[in-house]
Number of protein chains: 2
Amino acid sequence: MEVKNQNIQIIGAGLCGSLLALRLGQRGYNVTVFEMRTDLRKTDISAGRSINLAFSDRGNKAIKMVGLEDKVEKLCIPMNGRMIHDRESNTFLSNYSGREYEYINSISRGGLNALLLDEAEALDNVTIHFNKKCKSVDFENSTAIYKDYLTKDESKITSDSIIATDGAGSALRKSYVTERKFLFSYSQEYLTHGYKELCILPAENGDYKTYKNALHIWPRGDFMVIALPNLDGSFTVTLFLSYEEGEYNFNNLTTPEIVTEFFQKEFPDALELMPNLVEDFFENPTAPLGTVKCSPWNYKGNTLLMGDSAHAIVPFYGQGMNASFEDVVEFDAFLDKNEGNWEDVFKAYSQSRKKDTDAIADLAIDNFHEMKSHVGQAIFQEKRKIEMALEKEFPNNYSSKYSLVTFNENIGYREAMLRGRAQDKAILNMLSDGDISTNIDFKDKAVLKIVLDKVIAETNNILEDDMVAKTMHH
Amino acid sequence: MEVKNQNIQIIGAGLCGSLLALRLGQRGYNVTVFEMRTDLRKTDISAGRSINLAFSDRGNKAIKMVGLEDKVEKLCIPMNGRMIHDRESNTFLSNYSGREYEYINSISRGGLNALLLDEAEALDNVTIHFNKKCKSVDFENSTAIYKDYLTKDESKITSDSIIATDGAGSALRKSYVTERKFLFSYSQEYLTHGYKELCILPAENGDYKTYKNALHIWPRGDFMVIALPNLDGSFTVTLFLSYEEGEYNFNNLTTPEIVTEFFQKEFPDALELMPNLVEDFFENPTAPLGTVKCSPWNYKGNTLLMGDSAHAIVPFYGQGMNASFEDVVEFDAFLDKNEGNWEDVFKAYSQSRKKDTDAIADLAIDNFHEMKSHVGQAIFQEKRKIEMALEKEFPNNYSSKYSLVTFNENIGYREAMLRGRAQDKAILNMLSDGDISTNIDFKDKAVLKIVLDKVIAETNNILEDDMVAKTMHH
């Protein structure tokens, strides 16, 4: 196979699709991208409405691969930890890591996507078409059918291979489901909660109205509000709340009075920052929170699902974009190994990658409960205190589950999950049994070393016992 | 609500639907059942072709509820254990329980279904229509659309409430998915293996060609053959094999020579009992093995999924029919509590039941690996040896996972899974660490008591540690 002669069709020019187009363009393929939306670089997105995302080390690995590290850094606002807001409007900062150089970033989806589109389009061998909605894919013949939103014309495009990066509602995935030409395992799972975006506008002088370098959380047990900073001084705020359960829920927050009462009671300091609350609340949609898993991702060497189309996850670990970017890095590595046979590349990539995207999907749901509830609990805070101390004093010997997932891009999500969960179990059980405690001198390194050794030994015990038992349940 | 005035529509007159019709009829409802197949009581099912099923205590609890215990017992062939066949044609019997009165039964699907149809139809307030295929359900209006296979006519039937017991391919579930009127979580997961039914015919004198009172297994690690006895002296045999992987698989078993070679090499004693092997192999279809989970099962008080339509599972725990029958028992209990409000009944039933059907789905997949592989492994056999001795000597103090699932109808599947898995983990780890061993005098009750105490203590430790950690991952 002569790479330069291969025509690759990408469905979707979102974050994953535009990064993939850029990378495959850099590798010399003829790349054509079809995006259903209008070109976001030509649309005015009003201030404060832009959605921001968490960007961290796994995503940055991909950005380094395509040589855009410096340009992307300019779009980033570092967030060093969670700023927890309690009901009495007290706040405290809980760092993401005991290592100072480990933090996550808030980044604008639109800004990052525009950069990737610019860079991809700058290559001679990459073409991007907008306003082309994929209706279905004839995966037996590597042909996709598009409808043009402006002209209403339909067209059929055949390529050597098609990669669908068209998100959670993927047209290719739908074709896999409806055509029933092979055994396609598929799941869509919704949380009982939905979400609604709100906004803290900048102060009149353009400043941030609350602390800039943190991910703000108002944990309330069964629901929560979070806020991430934007470059223009605003924060994008998200309310996560049950549709049906609890005293206040999306189904009964139907009048300005009830919405204001709810925020007054539960989030008084956030309400103060959002005079625009009621307007935003009734203007913006309520959206569901779903997880999609499926298998296989490829059909022969003809088609492949990548990014959210293969594994849509809930947003609570801040890993959605990072996971999709990591897909491109992993795919690139399998291209190095198997270039010349699409079926081999697609199969090897999928088989290696799926365990990790399954893991981050499960971790993201864990983190939903952690953020809305556990961060406010004493035993959780004790665990975090110990972990922060271990990471600070023994930076090369300990990483919490959060650090393994977020800052250790050379460990797969699955390994991070297994080790991270075992550590959590070890620490929580030892705290509960009194084997370790926060009632120690955290400045005494010798004392901390004893804690470290206990945590590592108990974690390894747990992992070993699970390994022996694993033979019985796969 | 006057029960007698309520019209209940049941989609599907299989095992679950006919049992449900009988029970609701006994309770006084006006019940109308629509079945897509022809009346199985009027069709000739040839000997040896009938599919048999494992019938055990959970199923029997339902049969007792409708007063048919004695009639059903006559259809049963007790199977006391697994008869394991190795590659050298050696056999050994591994009992299902150390308690002699605990065994499972092989029962004919057709015979049992016919009995339930007869009993239901004998009630004045139950009507069953055959050859009526449900096309879709308008769940907003409690209306189902049927096509008559004979007349080709379509009809719309509206009832006070509709319960779909129409199996893994449920029309109601499809309507839930396609109508998108509410957030419907849904998964279909296929194993990499498929199955094909074969047959050991009776001997010329009508006798069973191999031991009658066992479930025969030929475990081969990555694949297996099983056989269950029928009342006519035959056995229904099933080959479970990968579609694609391994030296022999369904995709490459394409000629009589290769099929014979495969059985000669892997199952020589089974081949001897099946001179009809090649004919059966190429006549019978290869079918996939899938698990379906979904939620919610009900739409308001209008419609409800029950049995396989709500939770199709793989057959390896012999619990498919038992779980569906248990659905009817549980549903009946919630009718006792909430009769008069279908929505309350449907919701309370679903919320209570789903954790248990999710558990048996996962257990059934565990047992796939146990049957095809672990039953042939030394450490597994040591575990079973210890468990048999504990069940025999301490019948009131110990039940293995298999016993909890199969013979303890008053414990839910989820509790059976959690305790059963913890026990397996405890025993395997203690065997592996040398804390317990099979190198003891199994006739010395005092020695066994020490083992029992160790197993219970370690199991409780595991359950307790999991409970503390559970707060962190739901």
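Residues numbered from 1 in each chain as written. Chains lettered and ligands numbered in written order. Predicted model: local features only at pLDDT ≥ 70, side-chain atom pairs only at ≥ 80, totals over all residues. Heavy atoms only, no water.

Residue and element names in this part refer to chain B. One ladder, built from five bridges, connects strand β5 (residues 81–85) with strand β6 (residues 91–95); its direction is antiparallel. Paired with Met 83 across the two strands is Leu 93, which belongs to β6. Following β5, the chain reverses through five residues before pairing antiparallel with β6; Ser 89 in that reversal takes a positive phi of roughly 70°. (Pairing = 2+ DSSP bridges. Helix = DSSP H or I, 4+ residues; strand = E, 2+ residues; numbered from the N terminus.)

All names here are of chain A. A cluster of nonpolar side chains, namely Met 36, Tyr 149 and Leu 150, defines an oily patch on the protein surface of about 300 Å² accessible area. Tracing the chain through its elements places Leu 150 in the loop between β10 (143–148) and β11 (154–158). According to the relative accessible area criterion, Leu 150 is exposed, its value standing at 63%. (Patch = residues over 30% accessible without salt bridge, like charges linked within 9 Å, V, L, I, M, F, W, Y side chains within 5 Å. Areas by Shrake-Rupley, 256 points an atom, 1.4 Å probe, with all protein chains shown as cover. Salt bridge = Lys/Arg side-chain N within 4 Å of Asp/Glu carboxyl O. Buried < 20%, exposed > 50% of the residue type's maximum accessible area, 1.4 Å probe, protein only.)

This next bit is on the relation of the copies chain B and chain A. Here chain B sits on chain A after a turn of 180° about the axis and a move of 0.0 Å along it, with an RMSD of 0.0 Å. Overall, the copies show the geometry of a two-fold rotation axis. Minimal C-alpha separation from the rotation axis in chain B is found for B:Ser187, amounting to 1.9 Å. A shared interface surface links the copies, since 100% of the contact residues of chain B are contact residues in chain A too. (Least-squares fit on C-alpha atoms with pLDDT ≥ 70 in both. Contact = heavy atoms within 4.5 Å.)

Attention shifts here to the environment of A:Asn90. All names here are of chain A. Within the fold, Asn 90 resides in the loop between β5 (81–85) and β6 (91–95). A sequence separation of 214 residues divides Asn 90 from Leu 304, and the C-alpha atoms of the two residues are 49 Å apart. Setting aside chain neighbours within four positions, we find Asn 90 in contact with Ile 84 and His 85.

This part covers the pattern of salt bridges. Residues and elements named next belong to chain A. As enumerated under the stated definition, the model contains 66 salt bridges over all chains in all. Ionic pairing is found between Arg 353 and Asp 327, a salt bridge with its closest N-O pair at 2.7 Å. Here Arg 353 is found in helix α11 (residues 342–372), whereas its partner Asp 327 is found in helix α10 (residues 320–338), with 26 residues between them in sequence. A salt bridge links Lys 401 to Asp 366; the nearest nitrogen and oxygen atoms lie 3.9 Å apart. Here Lys 401 is found in helix α13 (residues 401–407), whereas its partner Asp 366 is found in helix α11, with 35 residues between them in sequence. For the pair Lys 401 and Asp 366, one class covers both residues: buried. Several salt bridges share partner residues, and in doing so they unite Asp 366, Lys 383, Arg 384, Glu 387, Lys 401, Arg 421 and Asp 424 into one network.

The subject of this paragraph is unusual backbone geometry. Residue and element names in this part refer to chain A. Cis geometry marks the peptide bond from Ser 295 to Pro 296; its omega dihedral reads -5°. Note that Pro 296 resides in the loop between β17 (286–295) and β18 (298–299). With phi around 60°, Asn 131 is a residue other than glycine that occupies positive phi space. Note on placement: Asn 131 falls in the loop between β8 (126–129) and β9 (132–138).

Turning our attention to a negative patch on the surface. Taken together, the side chains of A:Asp222, A:Glu244, A:Glu245, B:Glu343 and B:Asp344 present a region of like negative charge at the surface. Positionally, B:Glu343 belongs in helix α11 (residues 342–372). (Lys, Arg positive; Asp, Glu negative; His and termini not counted. Charge placed at Lys NZ, Arg CZ, Asp CG, Glu CD.)

Turning to the domain arrangement of chain A, a few remarks are in order. Residue and element names in this part refer to chain A. By domain assignment, chain A separates into domain 1 (3–78 + 106–188 + 290–368), domain 2 (191–288) and domain 3 (377–473). Counting from both sides, the interface comprises 18 residues of domain 1 and, opposite them, 15 residues of domain 3. In total, about 1,500 Å² of surface goes out of reach between domain 1 and domain 3, with carbon and sulfur atoms giving 54% of it. Along the contact surface separating domain 1 from domain 3 lie two salt bridges. Our count for the contact surface shared by domain 1 and domain 3 stands at nine residue pairs in polar contact (both at pLDDT 80 or more). The set of elements that each furnish at least two residues to the side of domain 1 that touches domain 3 consists of α2 (57–65), α10 and α11. If one sorts the elements of the side of domain 1 that touches domain 3 by residue count, α11 sits on top with nine residues. Split into classes, the residues belonging to the side of domain 1 that touches domain 3 amount to five nonpolar, four polar and nine charged. (Domains from an automatic or database assignment. Buried area = accessible area lost by both parts, 1.4 Å probe. Polar contact = N/O pair within 3.5 Å; in protein donor to acceptor, adjacent residues only side chain to side chain. Nonpolar A, V, L, I, M, F, W, Y, C, P; charged D, E, K, R; others polar.)

Attention now goes to the confidence of the model for chain A. Scored by pLDDT, chain A comes out at a mean of 94, with 97% of its residues at no less than 70. Listed scores for the predicted complex are pTM 0.92 and ipTM 0.87. (pLDDT = per-residue confidence, 0-100.)

Moving on: the packing of helix α2 (residues 57–65) of chain B against helix α10 (residues 320–338) of chain B. Residue and element names in this part refer to chain B. In contact at an axis separation of 7 Å, α2 and α10 are set at 45° when each is read in the N-to-C sense. What the angle tells us is that α2 and α10 run oblique. Crossing geometry of α2 relative to α10 is assigned as left-handed. From α2, Arg 58, Gly 59, Lys 61, Ala 62, Ile 63 and Met 65 reach across to α10, where they touch Asn 322, Phe 325, Glu 326, Val 328, Val 329 and Asp 332. Along the lines of polarity and charge, the residues of the contact of α2 with α10 split into six nonpolar, two polar and four charged. (Axes fitted to C-alpha atoms, helices over the stretch in contact; angles between N-to-C directions. Parallel < 35°, antiparallel > 145°, perpendicular 65-115°, else oblique. Left-handed = near helix turned anticlockwise from the far one by under 90°.)

With 32 residues of chain B at the contact, the number on the chain A side is 32 residues. Of the roughly 3,200 Å² buried between chain B and chain A on both sides combined, carbon and sulfur atoms contribute 57%. One can count two salt bridges joining chain B with chain A. Those elements that provide at least two residues to the side of chain B that touches chain A are β13 (185–200), α11, α14 (413–433) and α15 (445–470) of chain B. A per-element tally of the side of chain B that touches chain A places β13(B) first, with six residues. Taken together, the residues of the side of chain B that touches chain A break down into 11 nonpolar, 10 polar and 11 charged. By the bridge criterion, three bridges tie strand β13 (residues 185–200) of chain A to β13(B) in an arrangement that is antiparallel. Along β13(B), the bridge assignment pairs A:Tyr186 with B:Gln188.

Remark: a regular strand shows side chains that alternate across the two faces of the sheet. All names here are of chain A. Side-chain alternation along strand β12 (residues 161–164) places Ser 161 and Ile 163 on one buried face and Ile 162 and Ala 164 on a second face that is also buried. With four bridges connecting them, strand β1 (residues 7–11) and β12 associate as parallel partners. Pairing of Ile 11 across the sheet is with Ala 164, part of β12. One ladder, built from three bridges, connects β12 with strand β19 (residues 303–305); its direction is parallel. The residue bridging Ile 162 from the neighbouring strand is Thr 303, located in β19.

Each pair of packed helices gets described by two things: the angle between the helix axes and the distance between those axes. Between helix α15 (residues 445–470) of chain A and α14(B), the least distance of the axes is 9 Å, while the angle of their chain directions is 105°. Relative to α14(B), the element α15(A) lies roughly perpendicular. Along its contact with α15(A), which presents A:Glu464, A:Asp465, A:Asp466, A:Val468 and A:Ala469, the element α14(B) presents B:Lys425, B:Leu428, B:Asn429 and B:Ser432. In the contact of α15(A) with α14(B), the residues fall into three nonpolar, two polar and four charged.

Structurally, A:Ser352 can be placed in helix α11. Sequence-distant contacts of A:Ser352, defined by excluding residues within four places in its chain, comprise A:Glu330 and A:Phe334.

Tallied over the full model, the rule gives 60 aromatic pairs over all chains. Ring plane angle 45° and centroid distance 5.4 Å describe the contact between A:Tyr29 and A:Trp342, whose orientation is recorded as tilted. With A:Tyr29 in the loop between α1 (15–26) and β2 (30–34) and A:Trp342 in helix α11, the pair connects residues that are 313 residues apart, well separated along the chain. A single burial state applies to A:Tyr29 and to A:Trp342, both of which are buried. Pairwise contacts between aromatic rings join A:Tyr29, A:Trp297, A:Phe331, A:Trp342, A:Phe346 and A:Tyr349 into one cluster. Sitting over the face of the ring of A:Tyr413, A:Arg58 holds its NZ or CZ atom 4.2 Å from the ring centroid. Stacked on the ring of B:Phe368, the Lys or Arg B:Lys372 has its end atom at 5.0 Å from the ring centre. (Phe/Tyr/Trp six-rings, centres within 6.5 Å; stacked < 30°, edge-to-face > 60°. Lys NZ or Arg CZ within 6 Å of the ring centre and 35° of its normal.)

Position of A:Thr238 among the secondary structure elements: in strand β16 (residues 235–242). Excluding residues that lie within four positions of it along the chain, A:Thr238 makes contacts with A:Tyr195, A:Lys196, A:Glu197, A:Met224, A:Val225 and A:Ile226.

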